[in-house]
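The residues making up each chain are set out below.
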Amino acid sequence: RRVHGTYERLCAIGQEVLEALRPGMDRDPGDASWTNYAAPYNFMRCMRYPPKRGGPKEFGVPEHTDKSWITILDTDGVGGFEWRDAQGRWNHLPPRSDAMLVSTGDAAQILSNDYYQSRPHRAGNTSRVARVSFPLFFEPHGDWPEYSKVSKGPPMDFMVIPI
């Protein structure tokens, strides 16, 4: 029940974020992409990162971009999320238990003709206690014809939404 409640709450927040981003999308109102955008395929993962041990290899998710319209990341307040800025530097996002991270993904970059960017990021754990995060992806359906046509421009900043 608790997971389902979190999922439903994040889906509602995500729909509000998608609506707020809509003016930046560069498409005709009759474009078929809007149907896919308004009713995305949503899925949530539960990611557990073991405590940092200090060795040469630590468990984590390597650098990537998300294929989604948006991704909402709800965490337990333990640090481990990093993004790469336009100069190629890795930046640590300080953990906050009172906010969620929202990022635009590859699909938003495509639909907005690069107005919104899909920023490279990675995840792990920077503490001596386990870290848990719950990313919720708002993805295009697999049959969206433009799903793989991403051009890379300068990345936008992530949004942090207080909860």
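Residues numbered from 1 in each chain as written. Predicted model: local features only at pLDDT ≥ 70, side-chain atom pairs only at ≥ 80, totals over all residues. Heavy atoms only, no water.

Asks: Provide a residue-level description of the pairing of strand β9 (residues 131–139), including the pertinent values.
Replies: The side chains of a regular strand alternate between the sheet's two faces. Of all nine residues making up β9, seven are buried, and the element is well covered by its neighbours. With four bridges joining them, strand β1 (residues 41–44) and β9 adopt antiparallel strand pairing. Bridge assignment links Y41 to a residue of β9, and that residue is E139. Where strand β2 (residues 47–49) and β9 come together, three bridges link them in antiparallel fashion. Looking at β9, one finds that M47 is bridged to S133. (Buried < 20%, exposed > 50% of the residue type's maximum accessible area, 1.4 Å probe, protein only. Helix = DSSP H or I, 4+ residues; strand = E, 2+ residues; numbered from the N terminus. Pairing = 2+ DSSP bridges.)

Asks: Any details on the confidence of the model for the protein? Residues and values, ideally.
Replies: When pLDDT is low, close inspection of the predicted coordinates is not appropriate. Residues of the protein with pLDDT of at least 70 account for 82%, and the chain-wide mean is 81. When mean pLDDT is taken per element in the protein, strand β8 (residues 121–123) scores highest with 93 and strand β10 (residues 159–162) scores lowest with 55. Per-residue pLDDT stays below 50 along residues 148–156; that stretch engages in 22 contacts with residues further than four places along the chain or on separate chains. (pLDDT = per-residue confidence, 0-100. Contact = heavy atoms within 4.5 Å.)

Asks: Give a description of unusual backbone geometry that names residues and reports values.
Replies: At N113, a residue that is not glycine, the phi angle is positive and equals roughly 50°. Positionally, N113 belongs in the loop between α3 (106–111) and β8. Its relative accessible area of 48% is what places N113 among the partly exposed residues. The phi dihedral of D114 falls on the positive side, at around 75°, and the residue is not glycine.

Asks: Tell me about the sheet that holds strand β5 (residues 81–84), residues and numbers included.
Replies: The sheet built from four strands is open, its strands ordered β3-β8-β5-β6 with antiparallel pairing. The sheet is open, and its two edges are formed by β3 (61–64) and β6 (90–92), each paired on a single side. The sheet shows a mean angle of 20° between the axes of neighbouring strands, direction not considered. Pairing of β5 with β6 involves three bridges; the strand directions are antiparallel. Paired with E82 across the strands is H92, a residue of β6. (Axes fitted to C-alpha atoms, helices over the stretch in contact; angles between N-to-C directions.)

Asks: Explain the pattern of salt bridges residue by residue, including any values.
Replies: Within this structure, the stated rule accounts for seven salt bridges. R84 is the salt-bridge partner of E63, the closest N and O atoms lying 2.6 Å from each other. Taken together, the residues span a long stretch of sequence, with E63 in strand β3 and R84 in strand β5 at a distance of 21 residues. Residue E63 is classed as partly exposed on the basis of its relative accessible area of 43%. Ionic pairing is found between R96 and D98, a salt bridge with its closest N-O pair at 3.0 Å. The class of R96 is partly exposed, set by a relative accessible area of 38%. (Salt bridge = Lys/Arg side-chain N within 4 Å of Asp/Glu carboxyl O.)

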